[in-house]
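One letter stands for each residue in the lines below.
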Amino acid sequence: MDKRQAIGSWLSGPRAAMEDAGADFGYRGEQLGLPEEGPGSIARPGRRLGALAVDWGLCLMIAYSLITDGYGQTTGNWALLIFFVMSVLTVGTIGVTPGKRLFGLRVVALDTGTVHPGRALLRTILLCLAVPALIWDRDGRGLHDRLASTVEVRI
């Protein structure tokens, strides 16, 4: 192995290095029985972050214009509360938030396909804490999704 290969494997990360060594991880969502591409496949991080940005911007706009009438710390706190309520209600009933719908995403339960309001509540509490959402497994699911037995898929 020359220096370029060693540096390339380091930059690509441990998964790429293991795949070069012959390990087969499969595609994201294979262990969950989801397709590799198209509807029903695991949502990619870019779409998920875009949907989150749209939802947060919408909640911030509502808090700014209707509640606080100015931007400050209280606006962010109200936006978090609005985001919490919106996520629990929309994900718990129809499985999507406005941002997820715009980006073509849906939250589904692994066993039933629909999200129970209790699961939506647990998922949203963990999402608002932010740290569980930043810890991902090899399928690309955040810890908040794993603990709530949900997955975010493409529509």
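This is a predicted model, so every value here is computed, not measured.

Colleague: Which residues make up the state of the cysteines, and what values do they have?
Modeller: Taken as a whole and assessed by the stated rule, the structure comprises zero disulfides. Cysteine Cys59 remains unbridged, with the sulfur of Cys128 as its closest cysteine sulfur at 9.2 Å.

Colleague: Outline a nonpolar patch on the surface, supporting the account with residue identities and numerical values.
Modeller: Judged by side-chain polarity, Leu66, Ile67, Trp78, Leu81, Val85 and Leu89 come together as a nonpolar surface patch covering roughly 580 Å² of accessible area. Within the residue set of the nonpolar patch, elements represented by two or more residues are helix H3 (45-68) and helix H4 (73-93). Sorting elements by how many residues they give to the nonpolar patch places H4 first, with four residues. Residue placement: Trp78 occurs in helix H4.

Colleague: Describe in detail the environment of His116, supporting the description with residues and values.
Modeller: Inspection of the secondary structure assignment puts His116 in the loop between strand S1 (105-109) and helix H6 (117-129). For His116, a relative accessible area of 53% corresponds to the exposed category. In the structure, His116 is positioned 24 residues away from Gly92 in sequence and 5.7 Å away in space, judged by C-alpha atoms.

Colleague: Pulling in residues and values, what's your account of the packing of H3 against H4?
Modeller: Interaxial distance between H3 and H4 falls to 8 Å at its minimum, and their mutual angle equals 120°. Comparing the axis directions of H3 and H4 gives the class oblique. Considering only the axes of H3 and H4, their crossing is right-handed. The segment H3 lies against H4, with Leu52, Asp55, Trp56, Leu58, Cys59, Leu60, Ile62, Ala63, Tyr64, Ile67 and Thr68 engaging Thr74, Thr75, Gly76, Trp78, Ala79, Leu80, Ile82, Phe83 and Met86.

Colleague: I'd like a rundown of the pairing of strand S2 (residues 150-154), residues and numbers included.
Modeller: A large share of S2 lies buried, amounting to four of its five residues. Where S1 and S2 come together, five bridges link them in antiparallel fashion. Looking across to S2, one finds that Val108 is bridged to Val151.

Colleague: Report on the pattern of salt bridges, specifying residues and quantitative values.
Modeller: Going through the model one piece at a time under the given rule, you end up with ten salt bridges. A salt bridge links Arg44 to Glu37; the nearest nitrogen and oxygen atoms lie 3.7 Å apart. Two residues, Asp111 and Arg119, come together in a salt bridge whose shortest N-O distance is 2.9 Å. Shared partners join several salt bridges into a network, and the residues in it are Arg48, Lys100, Arg123, Asp145 and Glu152.

Colleague: Talk me through the layout of surface pockets; I want residue IDs and the actual numbers.
Modeller: Looking at the largest pocket, its volume works out to about 380 Å³. Lining the largest pocket are 21 residues, and of these Leu49, Leu52, Leu127, Ala133 and His144 lie nearest its centre. For the lining of the largest pocket, the elements supplying multiple residues, two or more each, are H3, H4, H6 and helix H7 (131-134). With six residues, the single largest contributor to the lining of the largest pocket is H3. A breakdown of the residues in the lining of the largest pocket according to their chemical character gives 13 nonpolar, three polar and five charged.

About the thresholds
Residues numbered from 1 in each chain as written. Predicted model: local features only at pLDDT ≥ 70, side-chain atom pairs only at ≥ 80, totals over all residues. Heavy atoms only, no water. Disulfide = S-S within 2.5 Å. Patch = residues over 30% accessible without salt bridge, like charges linked within 9 Å, V, L, I, M, F, W, Y side chains within 5 Å. Areas by Shrake-Rupley, 256 points an atom, 1.4 Å probe, with all protein chains shown as cover. Salt bridge = Lys/Arg side-chain N within 4 Å of Asp/Glu carboxyl O. Helix = DSSP H or I, 4+ residues; strand = E, 2+ residues; numbered from the N terminus. Buried < 20%, exposed > 50% of the residue type's maximum accessible area, 1.4 Å probe, protein only. Axes fitted to C-alpha atoms, helices over the stretch in contact; angles between N-to-C directions. Parallel < 35°, antiparallel > 145°, perpendicular 65-115°, else oblique. Left-handed = near helix turned anticlockwise from the far one by under 90°. Contact = heavy atoms within 4.5 Å. Pairing = 2+ DSSP bridges. 1 Å grid on protein atoms, 1.4 Å probe; cavity = no way out; pocket = protein on both sides within 12 Å on 5 of 7 lines; lining within 4 Å. Points joined across faces, edges and corners; volume = space filled by probe spheres on them. Nonpolar A, V, L, I, M, F, W, Y, C, P; charged D, E, K, R; others polar.

In short, geometric facts, not functional conclusions.
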